[in-house]
Each structure stands twice: as C-alpha cells, then as structure tokens.
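# Structural description and commentary
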Amino acid sequence: MSERKVRVRFAPSPTGPLHMGGVRTALYNYLFAKKHGGDFILRIEDTDQTRFVDGAEDYIIESLKWCHILPDEGQGFSGNYGPYRQSERKNLYRKYADQLLESGHAYYAFDTAEDLDSMRDLAKQAGTANWQYNHVTRNSMKNSITLSQQEVSERLERNEPYVIRIKLPRNEEVKFNDIIRGWVSVNTNNMDDKVLFKSDGMPTYHLANIVDDHLMDISHVIRGEEWLPSAPLHILLYRFLGWEEKRPEFAHLPLLLKPDGNGKLSKRDGDRLGFPVFPLQWRNPESGEVFSGYREQGYFADAFVNMLAFLGWNPGTEQELFTMQELIDSFTLERVNKAGAKYDHDKTRWFNQQYLRAQSDEKLGLLFQEELEGAGIKVDHQYATDVAKVMKERAYFVTDMLEEGPYFFAPPVVYDEKTVQKKWNADARHHVQQLKVHFETLQYFDAETLEKTFKAYLEENSLGFGKVGPGFRLAITGLGMGPSMFEVCAILGKKETISRMETALEKLPA
RNA sequence: GGCCCCUUCGUCUAUCGGUUAGGACGCCAGGUUUUCAUCCUGGAAAGAGGAGUUCGAUUCUCCUAGGGGCUGCCA
C-alpha cells in the first residue's frame, strides 16, 4: 500500500435524525483517521431533494459534537475541499457523466418512471425474477443504445427528460479486497445498469459518491454493510473514470441488529423496546413525534461511545472501559467483526454505571447539582456532592440519585406502607423517642458520632440493629431501604434529623 | 425469487490447527450489609448440521440449514 495520507469521510444523508448505527460508522471512521494521523471529513449527501428533512443536518452535526467525534473538515466545519454539501456541488458532477457517455461506459435512457414500473409489474405477475435494467433488457428500452443517433439528439433538443445509466460490461467478474471481509466478487451479469444522473439534473448517490471521494482525496471508504452490494459498481466507476490508481480501500461494517427478532435496528425499535436509538432527542418537524435520545436520557457521551465502539469491534484484550484516546490507540479495522451485532440495552446501562462511578466526587457533585436545579431543587455544591458521594454506588444515572434519595431534599410526605406495617410498632416508636433524646445532646453530628451513639443505645438496651434500624430509617426517610442511616443523618444535619423524628412520631400510627 | 455477506454461551465477544473453549452483560446461588444497592465468591450457559483435509479441527475447504443485506431517477 502507498504512503497516502489517510482521509476518511462520514457521509450521511439528511433525511432524518442520525441513528446509533450511523454514529458508530462515524466513530469507526474517526478512530481510524486519528489512529493514522489522518483527516475525518463530514460530507452531507443530499442529492435526493425529495427526502430532505428540515433540521436533520444540524442534528447530525450536534450529535457528532456531543459524542466528541469531531470532523477535521466538512459541513459545519472548515476545510479546503468544500463545499461539503452535495447539493452545492451540483454542477461538478455533470462533466463526469459526460465523460462516461463519451467513453461508452454510460448511455442516455428516456424511459419514464411509469415505463419502468410497468416492466417491473409485468415481471412480478409472471412470477419471474425482479426486472432489472441490464445488458439484456436495455436492448428493448428507449435509450441511446436502441434509438438512432438522430432521434437521441432530437429528444435531447426537445428537452425530453432522461437519465444517464452506466453501461455494464457483460459477464465480467468484479473483485475487490475488503479490509474487513476479504475478497468479494460479483459477476456483472447479476448487476444492473444503475442510474448515475437523474432527470432532475442531480447525480445519484453512486456517481456523486465516487466523484466526491475522488475529488476529496479519500483514502478509505468505511461504511455500513448495506453498501456491499453496490461496491462492485463503484469499483467499475473508478475504473471507467480512470481513477483506479487512487481508488480508496473499502471496509464494510457489520450492521446493528434489533435486540429481539430479526432485521437491522430501525428507528421504531427504540420506542417499541424502551431504549433510544438516537444519540439526541429528535422531534419530527412534520408529525411532531418525539424520539428519545441518549443524551436526554442521562447517558454520558463517553459511555455511549464506549458501548458503540464495542458493538462490532473489540481490542482482543479483556479491557472494556476505554477513553476516546485509548480507543484511537487500539482501534484497527482488522479487528472489526463480520457478523451483525444485536444491540443490548442492559450492557449500555452497565457502561453508564461504570462511567458514573468513575466520576470524581467533585465532578459528580456538579452534575448532580445541575440535575437538581433542572428539577427545581436548589442546593449548594457541597450538599450536592455529599449526597452524590453516598448515592453514587446505587445509581446508573445521575437522576437515579434524586429518584432514590428524595428525602435528602424534602422530608417524607408519605411513609412507605409496607415498611410501616412490618417495622413500625410501639417498640419502634419508643426507640425513635429515645434516640431523639440522645441525638439532641450531641455536639458533633457526623456519621461516626451518630454510629457510636446509636450503637451505644443498642448496647445499653441489649438490642439488635434490626430492632431499631428500620423504624429509624422509616422515620427519617419514609422508606424501608437506602444507604447508611448515619451518613444520611449527618448530611441532613442535626436540626433536620431531630425535626423529622418529631414529625414521624406525630404522623406515624401509635 | 436472484445476487452478495455472515454463523462460538440468551447478548457482545476471545481463540489466528493441539485450550478444562476465556472474559463481559444478564441470570441463579452463597457471603458481606439494619435494609436496598454496591461489593466478594461460586454456578448454569456456546463452537448450526453434514462431509472432507489433517496425527489432530471451533479454527482450513465444500455442501446444507439458518440469519442479514441488496434488488428505486433513496441513500
């Protein structure tokens, strides 16, 4: 292989929000580029004007930013190979279609969409294989192969709509060496004369893709497996355009599959199975329908990226937690798997839990404080940090710390019924009363002192922890479970703790 | 239907001809914990099937089956 500078691109079309499979493709491109000191480029493939969705491009850019998969150049970023939006490159493509026309590797086709539909319908009714525009059928269609030169010129002059199709050679084995899959081979007899240039003056993906990759000096095409069937066509295009020398290497990634059943992960699966398929929340501008996103669900971007990296790739060691830099250092396309991977939401949650725990108390306190503020709860940073410290071991998400510890921010309004029934009785009431008396005398209200005091009380009265603990917890938190009560009370402070004991004695059944 | 790709525990995967087939998630059991969670220990759990190559196949080849993708003037 040459010394060519690594330049890879992520080329989504703005037809909707980017789903996590797309993010993973972008990630692998990014990791590969950074590993080799190359460039990662974002190109927007918007040659289909009919499918354009408002806001999709911004969504793609914002998603990449959130994931820290930052393009070195491209749409929304800088770069010397622009424009990076294919619709703005429109007039670049025609000349290559003409080149193909001149060299006899392409031809004009005047068949209307209706013509083609009826051919396909006919074939369907006959129960034969799908109808294709190919080396045999093209001889009975309206194109510059069957029509006289004069008629073609006349039609062109009359501005009759036409498309330009590639003219595939007959019975030729097209082979290429995919970095992930090895040799892939397809016979041209099984391929069709794909449209390269549409009647609306826009190129199709196939032409635009090859032209742009060439013009942007792309060295490696890393894309999803859904492109594998058209890779031979692209190989041929490079050859016909005379660009074989600088043709990029190909690597086709395995697909992300539905966790249940069959098929590739699609945007509906998230809502159906209870997890986001999108990095960011997306609101369909037309229907108003909202699709959830990992960011809004409280996932750490790093955890999301780490999880995605492992869906189809692994480093060959037993390490699973990787920073972006570690991913860059250990990533190779050779270690990408061939088979599709089913998404596992439990594993994603686990990744998030690991990242949550890895946060420093300081940082987690800050995140928690922000989270609380969003919920309308104002506390100072120290308090948020103190609570986070005792709650982080039992949380998967920052929000869990609030959901599982509401008593840190307000006295219990109701007391858990089951716990009241099972743990609250005359004895419990008596113990809380006694403990209150002991606590009131305390000068220091730290966890250690509280524990000592509490245990001394147990000792004096020959009581087991189980006799006193649950009722005490119920009085303070309203719940039957939670972290160490000494920690909880220390955080709440003396005044609040005593006050809650008083309230409980009043409100709980005698 | 046709073409192409793929196939190790339920899931993500390790293994690059010789292993008690390893790890992680999830699950189950035990222990720690006043409780829940955490944590610790242990456990169940896999080479789709059939031929061949080989002294020896999870690993190489072929066939079958299964899965996936593509089959648009969509990408």
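Residues numbered from 1 in each chain as written. Chains lettered and ligands numbered in written order. Predicted model: local features only at pLDDT ≥ 70, side-chain atom pairs only at ≥ 80, totals over all residues.

### Description of the overall build of chain A
Inclusion rule: In this description a helix means any DSSP run of H or I spanning at least four residues, a strand means any run of E spanning at least two, and both kinds are numbered starting from the N terminus. Based on C-alpha atoms, the radius of gyration is set beside the globule rule, defined as 2.2 Å times the residue count to the power 0.38. By definition, residue pairs are in contact when their C-beta atoms, positioned from the backbone, come within 7 Å.
For chain A, the helix and strand inventory stands at 20 helices and 14 strands. Its C-alpha atoms give chain A a radius of gyration of 32 Å, more than 25% over the compact-globule value 24 Å for 510 residues. By its C-alpha atoms, chain A is 110 × 50 × 35 Å across when sized along the principal axes. Excluding contacts between residues fewer than 6 apart, the proportion of contacts in chain A whose partners are at least 24 apart in sequence is 73%.

### With respect to the nonpolar core
Here is the rule: Think of a nonpolar core as buried Ala, Val, Leu, Ile, Met, Phe, Trp, Tyr and Cys residues, each tied to the set through C-beta atoms within 7 Å. With C-beta atoms placed from the backbone, a residue is buried if 20 or more other C-beta atoms are within 10 Å of its own, exposed if 12 or fewer are, and partly exposed between those counts.
L27, F304 and L308 are the most contacted members of the largest nonpolar core, which has 53 residues in total. The set of elements that each furnish at least two residues to this core consists of β1 (7–10), α1 (20–35), β2 (39–42), α2 (56–66), β9 (220–224), β10 (249–253) and α9 (301–309). With nine residues, α1 is the single largest residue contributor to this core. The residues touching L308, leaving out its near neighbours within four places in the chain, are M20, V23, R24 and L27. Counting residues in each nonpolar core, the second largest holds 26 residues, with Y96, F110, A208 and L236 among its members.

### Brief notes about the protein's contact with RNA strand B
Quick note on the threshold: Each residue receives a C-beta atom placed from its backbone. It is near a molecule or strand if this atom lies within 6 Å of it. Put simply, Ala, Val, Leu, Ile, Met, Phe, Trp, Tyr, Cys and Pro go in the nonpolar bin, Asp, Glu, Lys and Arg in the charged bin, and everything else, Gly too, in the polar bin.
Surrounding RNA strand B, one finds 63 residues, the nearest of these being E45, N262, A339, G469 and M481. Of all the elements in the fold, those that place two or more residues in the surface near RNA strand B are α4 (113–126), β7 (182–187), β14 (341–342), α11 (345–358) and α18 (465–477). Looking at the surface near RNA strand B residue by residue, the class counts come to 22 nonpolar, 22 polar and 19 charged.

### As for the sheet that holds strand β5 (residues 163–166)
For clarity, the threshold we go by: Any two strands are treated as partners once DSSP identifies two or more bridges connecting them. Working convention: axes come from line fits to C-alpha atoms, limited for helices to the stretch in contact. Angles between N-to-C directions cover 0 to 180 degrees.
Taken together, three strands build an open sheet; the order of strands is β4-β5-β8 and the sheet is antiparallel. Among the strands making up the open sheet, the edge pair consists of β4 (106–109) and β8 (195–197). Ignoring strand direction, the axes of neighbouring strands in this sheet form an average angle of 45°. Relative to β8, β5 runs antiparallel, the two being bridged by two bridges. Directly across from I164, in β8, lies its bridge partner F197.

### Side note on the environment of D380
Here D380 is to be found in the loop between α12 (361–374) and α13 (381–391). Taking the C-alpha atoms as reference points, D380 and Q369, 11 residues apart in sequence, are found 7.4 Å from one another.

### A few points about the environment of P83
Structurally, P83 is set in the loop between β3 (73–74) and α3 (90–102). Taking the C-beta count within 10 Å as the criterion, P83 has 15 such neighbours and is therefore assigned partly exposed. Taking the C-alpha atoms as reference points, P83 and R43, separated by 40 residues in sequence, lie 8.7 Å from one another. Ignoring any residue separated from it by four or fewer positions in sequence, one finds P83 in contact with E88 and R89.

### Description of unusual backbone geometry
Look at the link from G82 to P83: it is a cis peptide, with omega at -5°. Not every positive phi belongs to a glycine, and H68 is a case in point at roughly 60°. Since 12 C-beta atoms lie within 10 Å of it, H68 is described here as exposed. In the Ramachandran plot, N159 falls in the positive-phi region, its phi being about 60° despite a non-glycine side chain. Structurally, N159 can be placed in the loop between α5 (149–157) and β5.

### Side note on the confidence of the model for chain A
Note the threshold: Each residue carries a pLDDT score, the predictor's confidence in it, ranging from 0 to 100.
Residues of chain A with pLDDT of at least 70 account for 100%, and the chain-wide mean is 94. Reported confidence for the predicted complex is 0.96 by ipTM and 0.95 by pTM.

### Some points on the packing of α1 against α9
Rules: An angle below 35 degrees is read as roughly parallel, one above 145 as roughly antiparallel, one from 65 to 115 as roughly perpendicular, and any other as oblique.
One way to put it is that α1 packs onto α9 with a least axis distance of 10 Å and a crossing angle of 80°. Considered as vectors, α1 and α9 are oriented roughly perpendicular to each other. Facing M20, V23, R24 and L27 of α1, the residues of α9 in contact are V305, L308 and A309.

### Here we look at the pairing of β10
The line we're drawing: The handedness of a crossover follows from its direction of travel: if, with the strands pointing away from the viewer, the path from the first strand over the helix to the second runs clockwise, the crossover is right-handed.
β10 sits mainly inside the fold: four of its five residues count as buried. Taken together, the five bridges between β9 and β10 define a ladder with parallel strand orientation. Its bridge partner lying in β10, I222 is registered against A251. Of the crossover connections in this fold, the one passing from β9 over helix α7 (residues 231–240) to the parallel β10 is right-handed.

### Thoughts on the pairing of β7
Counting buried residues along β7, only zero of its six residues qualify, which leaves the element largely exposed. Across six bridges, the pairing between strand β6 (residues 173–178) and β7 is antiparallel. Looking across to β7, one finds that N177 is bridged to W183. Hairpin connection from β6 to β7: three residues lie between these consecutive antiparallel strands.

### Quick notes on the environment of P276
Structurally, P276 can be placed in the loop between α8 (267–273) and β12 (282–283). Each C-alpha atom, one on P276 and one on L116, is 39 Å from the other, the two residues being 160 residues apart in sequence. Excluding residues that lie within four positions of it along the chain, P276 makes contacts with G270, S292, G293, Y294 and Q297.

### Observations concerning the packing of helix α17 (residues 447–460) against helix α19 (residues 485–492)
Definition in use: The handedness criterion is simple: a crossing whose near helix is rotated anticlockwise from the far helix by less than a right angle is left-handed, and one whose near helix is rotated clockwise is right-handed.
One way to put it is that α17 packs onto α19 with a least axis distance of 8 Å and a crossing angle of 125°. Between α17 and α19, the angle falls in the class oblique. For the pair α17 and α19, the crossing hand works out as right-handed. Across from A447, L450, E451 and F454 in α17, the residues of α19 making contact are F486, E487, C489 and A490. A class-by-class count of the residues in the contact of α17 with α19 yields six nonpolar, no polar and two charged.

### Details of α18
Going by this rule: One fewer than the residue count of a helix, multiplied by 1.5 Å, yields its expected span.
With 13 residues, α18 should reach 18 Å at 1.5 Å per residue; the first-to-last C-alpha distance of 17 Å fits that figure. Every buried residue of α18 is listed here: V468, G471, F472, R473, L474, A475, I476 and T477. Looking at the buried side of α18, the elements it contacts are α15 (417–423), α16 (426–440), α17, α19 and α20 (494–507). Phi turns positive, to about 85°, at G478, one or two residues after α18.

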